[in-house]
Amino acid sequence: MVFYSKKICCIGGGYVGGPTMSVIAKYCPNIEVNVVDINKDRIKSWNSEDLNNLPIYEPGLKEIIGKYRGVNLHFSCDLELKISEADIIFISVNTPTKKKGIGAGQAIDLKWVDKSARQIAKYANGHTIVIEKSTLPVRTAETIKEILEKSPRTKENITSFSILSNPEFLAEGTAIKDLENPDRVLIGGEDKNAIKLLTNIYENWVDKKKILTTDLWSSELSKLIANAFLAQRISSINSISSICEKTGANIKNVTKAVGMDKRIGNKFLNVSPGFGGSCFKKDILNLIYISNHYGLKDVSKFWEQVIKINDWQQNRISHLVVKKLFGTISSKKIAILGFAFKANTNDSRESPAIQICKNLLEEGANIQIYDPKVNINQIAKDLECPQDQNIENQDQNGSWNYSNSLIDATKGADAILILTEWEEFKLINWKEISKNMRFPCWLFDARLITNSAEAKANGINVWCIGQGEI
Ligand code: NAD
Ligand code: UDX
């Protein structure tokens, strides 16, 4: 029998909990890591023998799962047991925007965090370190503390808690790389022993200098602000893409020139159909909510604009497609290349593809969707309609179909719209693809990634984001 120096339980086996705990298990062989989730299907997928069926696609993840699952990494639905055995518990549950009630549309819905805290209070055994891994509104630790201390318990023995904030900065698609080599690890809290213990865990693979310790509130707020700054950068460059298209400037040259200024930096300046993902929008909405809560109206208006530009960018792309196709796309075939919110993930949460496809369907288009990783059921859920069903829209009917390949999706297409920067789309052979399109036809490259000159040379009309018609 292996003796483990510590036992970790992570509540929530999603995009953060799964990869984060896998990396901890990899670098800490003396720690037993248990990921628990209320979603039975998700746990079943985490335990599936075929590593291609894991619930999350992340480069490098299946290799770690293959090696450490069943050794010191376990996935289960047994919350009671795993919580009661744990010395350290990470809360890594979803924190979406509230849909109804006070703060609807802006505030974070804390119901899953609240429930996790109550489960911990009920089942924990002995002194337990509770760590906020989810992104949370500033001062949530206060709420968690109160729930932990005042909720009913099942154990007879004395239970006590230390609360830490340890937000996660990984980005999807590069999660394993980000976790293995983070820019920083942030730990906020008051209990010095608990901070030391968590620091020691990270020091198994992270350079000491990158581990930053702060008070709880600064740690919670820093995570929100990091996301808000990143999203703001994208809205900034996306707003400039339209100016480039109007003036004849080329966004590639502009970003290069601007990014060479060390104070600005060249990262995160890629023009796009808008930012997606489960984090940016909800975290900025939360920042807006917090600003309003403290009466900082001008601050909230500043951040509102970041979201407005993002929505505007998505809508302007679908409008442009309609305009270029002679003002009507009714019954025209449009191939959508990429549905994930970014490359190298199967996640489509808040993907710009959703709004853009919905707009095109409303205009009556027949859209053919191809994404290397997002599956048909997810797309149907996102578009709120099953495939191949006509959408009743006054006089116009739109429909969508799922394609298993790029060739299939583009066959007979009047237009191709690139929405995700998958490697495969960078390498499209336009000579071959053009043979099967219906002329006159268009390429709309909303990620600026493909060989548009080759498309043009093969008779396709081309529009590129931040460059316009070329
Ligand atoms: P997710 O929806 O993929 O996973 C959350 C999981 O928690 C789900 O599987 C859900 O079933 C489970 N869960 C909810 N309540 C539970 C409970 N009471 N007991 C057990 N399991 C429960 O979410 P995610 O993308 O992993 O995000 C989690 C948190 O991390 C969020 O706060 C998010 O903002 C933050 N975050 C996400 C990312 C990202 O790239 N996705 C990056 C950094 C931070
Ligand atoms: C983000 C943060 O980067 C990460 O630190 C945080 O922990 C979670 O939220 P994620 O949403 O997974 O990560 O991906 P990210 O790479 O930030 O991309 C978010 C969106 O912005 C994507 O839709 C992406 O395509 C878009 N984007 C990103 C751009 O449009 N241009 C860029 O230059 C970079």
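Residues numbered from 1 in each chain as written. Chains lettered and ligands numbered in written order. Predicted model: local features only at pLDDT ≥ 70, side-chain atom pairs only at ≥ 80, totals over all residues. Heavy atoms only, no water.

Observations concerning the overall build of the protein
1) Next: On a plain count of helices and strands, the protein comes out with 18 helices and 16 strands.
2) Next: Over its C-alpha atoms the protein spans a radius of gyration of 24 Å, differing by no more than 12% from the 23 Å that the globule rule assigns to 470 residues.
3) Next: The principal-axis extent of the C-alpha atoms belonging to the protein is close to 75 × 50 × 45 Å.
4) Next: Scored against the burial criterion, the 470 residues of the protein give a buried share of 53%.
5) Next: On the protein, roughly 21800 Å² of surface is accessible, and the fraction owed to carbon and sulfur atoms is 51%.
6) Next: Positive and negative side-chain charges of the protein, numbering 60 and 54 respectively, have mean locations separated by a distance of 3 Å. (Helix = DSSP H or I, 4+ residues; strand = E, 2+ residues; numbered from the N terminus. Rg over C-alpha atoms; globule rule 2.2 N^0.38 Å. Buried < 20%, exposed > 50% of the residue type's maximum accessible area, 1.4 Å probe, protein only. Areas by Shrake-Rupley, 256 points an atom, 1.4 Å probe, with all protein chains shown as cover. Lys, Arg positive; Asp, Glu negative; His and termini not counted. Charge placed at Lys NZ, Arg CZ, Asp CG, Glu CD.)

Points about helix α3 (residues 61-68)
1) Next: Among the residues making up α3, those that are buried are Leu61, Ile64, Ile65 and Tyr68. Mapping the buried residues of α3 onto a view down its axis gives an arc of 100°, with all of them on the same face.
2) Next: On its buried side, α3 packs onto α1 (17-27), α2 (40-46), β3 (73-76) and α7 (175-180).
3) Next: Where α3 ends, the next residue or the one after it, Gly70, has phi of about 85°, a positive value. (Arc of directions from axis to C-beta. Contact = heavy atoms within 4.5 Å.)

A short note on the pattern of salt bridges
1) Next: Counted according to the given criterion, the structure contains 20 salt bridges.
2) Next: The shortest N-O distance in the salt bridge between Glu180 and Lys26 comes to 2.8 Å. Taken together, the residues span a long stretch of sequence, with Glu180 in helix α7 and Lys26 in helix α1 at a distance of 154 residues.
3) Next: Glu180 sits in the partly exposed class, given a relative accessible area of 24%. (Salt bridge = Lys/Arg side-chain N within 4 Å of Asp/Glu carboxyl O.)

Structural notes on the site of ligand 1
1) Next: Taken together, 28 residues form the shell around ligand 1, and within it Asp37, Arg42, Thr95, Glu172 and Lys282 come nearest.
2) Next: Separating an oxygen atom of ligand 1 from a backbone N or O atom of Tyr15 is a distance of 3.0 Å.
3) Next: In the environment of ligand 1, an oxygen atom lies 2.7 Å from a nitrogen or oxygen atom belonging to the side chain of Arg42.
4) Next: Within the complex, 94% of the 830 Å² of free accessible area of ligand 1 lies under protein.
5) Next: A class-by-class count of the residues in the shell around ligand 1 yields nine nonpolar, eleven polar and eight charged. (Near = heavy atom within 4 Å. Polar contact = N/O pair within 3.5 Å; in protein donor to acceptor, adjacent residues only side chain to side chain. Nonpolar A, V, L, I, M, F, W, Y, C, P; charged D, E, K, R; others polar.)

A few points about the packing of helix α5 (residues 111-123) against helix α6 (residues 140-150)
1) Next: Running from N to C, α5 and α6 point in directions that differ by 35°, and their axes come no closer than 8 Å. Of the two possible hands of crossing, α5 and α6 adopt the one that is right-handed. From α5, Val113, Asp114, Ala117, Arg118, Ile120 and Ala121 reach across to α6, where they touch Ile144, Ile147 and Leu148.
2) Next: A class-by-class count of the residues in the contact of α5 with α6 yields seven nonpolar, no polar and two charged. (Axes fitted to C-alpha atoms, helices over the stretch in contact; angles between N-to-C directions. Left-handed = near helix turned anticlockwise from the far one by under 90°.)

Re the packing of aromatic side chains
1) Next: A complete count under the given rule lists ten aromatic pairs for this structure.
2) Next: For the ring pair Phe302 and Trp303, a centre distance of 4.9 Å and an interplane angle of 90° mean the geometry is edge-to-face.
3) Next: Following the ring pairs from residue to residue traces out a cluster consisting of Tyr27, Tyr202 and Trp205.
4) Next: In this arrangement the basic side chain of Lys373 is found over the ring face of Tyr57, its NZ or CZ atom lying 4.2 Å from the centre. (Phe/Tyr/Trp six-rings, centres within 6.5 Å; stacked < 30°, edge-to-face > 60°. Lys NZ or Arg CZ within 6 Å of the ring centre and 35° of its normal.)

Describing the environment of Asp311
1) Next: Inspection of the secondary structure puts Asp311 in helix α12 (residues 297-324).
2) Next: Linking Asp311 and Glu146, residues 165 residues apart in sequence, is a C-alpha distance of 38 Å.

Some words on the domain arrangement of the protein
1) Next: The domain architecture assigned to the protein consists of domain 1 (7-214) and domain 2 (306-469).
2) Next: In this structure, domain 1 and domain 2 have C-alpha centres spaced 37 Å apart.
3) Next: If you look at the interface, domain 1 gives eight residues, while domain 2 gives nine residues.
4) Next: Summed over both sides, the interface between domain 1 and domain 2 buries roughly 700 Å², with carbon and sulfur atoms accounting for 45% of that surface. (Domains from an automatic or database assignment. Buried area = accessible area lost by both parts, 1.4 Å probe.)

Topic: the environment of Leu212
1) Next: Of note, Leu212 is situated in strand β8 (residues 211-214).
2) Next: Given a relative accessible area of 45%, Leu212 falls into the partly exposed group.
3) Next: As a C-alpha pair, Leu212 and Thr199 span 13 residues in sequence and 9.1 Å in three-dimensional space.
4) Next: Filtering out sequence-adjacent residues up to four positions away, Leu212 remains in contact with Val185, Leu186 and Ile187.

Quick look at the state of the cysteines
Put plainly, two cysteines are in a disulfide when a covalent bond ties their sulfur atoms together.
1) Next: Taken as a whole and judged by the stated rule, the model has zero disulfides.
2) Next: Here Cys244 stays free of any disulfide, with the sulfur of Cys464 as its closest cysteine sulfur at 13 Å. (Disulfide = S-S within 2.5 Å.)

A look at unusual backbone geometry
1) Next: A cis geometry characterises the amide bond from Phe439 onward to Pro440, with omega recorded as -5°.
2) Next: Along the chain, the position of Pro440 falls in the loop between α17 (430-435) and β14 (442-445).
3) Next: In the Ramachandran plot, Phe268 falls in the positive-phi region, its phi being about 60° despite a non-glycine side chain.
4) Next: With respect to the helices, strands and loops of the structure, Phe268 is situated in the loop between α10 (251-259) and α11 (280-293).
5) Next: Positive phi is not limited to glycine here, since Glu384 has a value of about 55°.

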